[in-house]
Amino acid sequence: SFVSSLSSSMTQLRQMTFKYDKGLAILRKYLRNRMIRAGLSIRILRFVEYKLNSQKTEIRDADVDLLQLLSAPLQMELVMETLSPWLIKHPFFHHYALLS
């Protein structure tokens, strides 16, 4: 049901946030214990936060449970729709797209 799906998603979000915060706390402690220079520590933390935030904005197919409910033809059409912009950059697939 919608409510249970929403509740599950909220629980996942809380777990991801906790894991994110815990990971950063461990990294800060690591840098402090190793007496890493403040400038380098800041650069490392900013880079890690940047990478984590860029991963957050990207939603993978595996992250969307409801996609499993799609019929096989709809799944194939969705795959073609999402991958075709990347595939047609290759000359072979570009030529194939022109023919079909």
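Quick caveat: nothing in here was measured; it's all calculated off a predicted structure.

Participant: Give me the overall build of the chain: which residues, what numbers.
Facilitator: Across its full length, the chain carries four helices and zero strands. Listing each helix as α and each strand as β along the chain from the N terminus yields α-α-α-α. The proportion of buried residues among the 100 residues of the chain is 5%. Taken as a whole, the chain presents about 9200 Å² of accessible surface, with 65% of it coming from carbon and sulfur.

Participant: Give me the confidence of the model for the chain: which residues, what numbers.
Facilitator: Note: predicted coordinates in regions of low pLDDT should not be interpreted at a detailed level. Chain-level pLDDT for the chain is 85 on average; 89% of the residues reach the 70-or-more range. Taken element by element, the predicted model of the chain shows its lowest mean pLDDT in helix 1 (residues 2-33) (80) and its highest in helix 2 (residues 38-57) (90).

Participant: Before we move on, could you go through a nonpolar patch on the surface and cite the residues and values that matter?
Facilitator: A cluster of nonpolar side chains, namely Val79, Leu83, Leu87, Phe92, Phe93 and Tyr96, defines an oily patch on the protein surface of about 560 Å² accessible area. Within the residue set of the nonpolar patch, elements represented by two or more residues are helix 3 (72-87) and helix 4 (91-99). Within the element layout of this structure, Phe92 appears in helix 4.

Participant: Now, about the layout of surface pockets: what can you tell me, with residues and values included?
Facilitator: Of the voids in this model, the second largest pocket is the one considered here, and its volume is about 160 Å³. Lining the second largest pocket, in full, are Met80, Ser84, Leu87, Ile88, Phe93, Tyr96, Ala97 and Ser100. In terms of residue class, the lining of the second largest pocket is built from six nonpolar, two polar and no charged.

Participant: Break down the side chain of Ser41 for me, citing the residues and quoting the values.
Facilitator: Within the secondary structure, Ser41 sits in helix 2. Among residues more than four places away in sequence, those in contact with Ser41 are Leu31 and Ile36.

Participant: Hey, could you go over unusual backbone geometry for me, with residue numbers and the actual values?
Facilitator: Phi angles above zero are rare outside glycine, and Met35 is one such case at about 55°. Mapped onto the elements of the fold, Met35 is located in the loop between helix 1 and helix 2. The exposed category is assigned to Met35, whose relative accessible area is 74%.

The rules behind these values
Residues numbered from 1 in each chain as written. Predicted model: local features only at pLDDT ≥ 70, side-chain atom pairs only at ≥ 80, totals over all residues. Heavy atoms only, no water. Helix = DSSP H or I, 4+ residues; strand = E, 2+ residues; numbered from the N terminus. Buried < 20%, exposed > 50% of the residue type's maximum accessible area, 1.4 Å probe, protein only. Areas by Shrake-Rupley, 256 points an atom, 1.4 Å probe, with all protein chains shown as cover. pLDDT = per-residue confidence, 0-100. Patch = residues over 30% accessible without salt bridge, like charges linked within 9 Å, V, L, I, M, F, W, Y side chains within 5 Å. Salt bridge = Lys/Arg side-chain N within 4 Å of Asp/Glu carboxyl O. 1 Å grid on protein atoms, 1.4 Å probe; cavity = no way out; pocket = protein on both sides within 12 Å on 5 of 7 lines; lining within 4 Å. Points joined across faces, edges and corners; volume = space filled by probe spheres on them. Nonpolar A, V, L, I, M, F, W, Y, C, P; charged D, E, K, R; others polar. Contact = heavy atoms within 4.5 Å.

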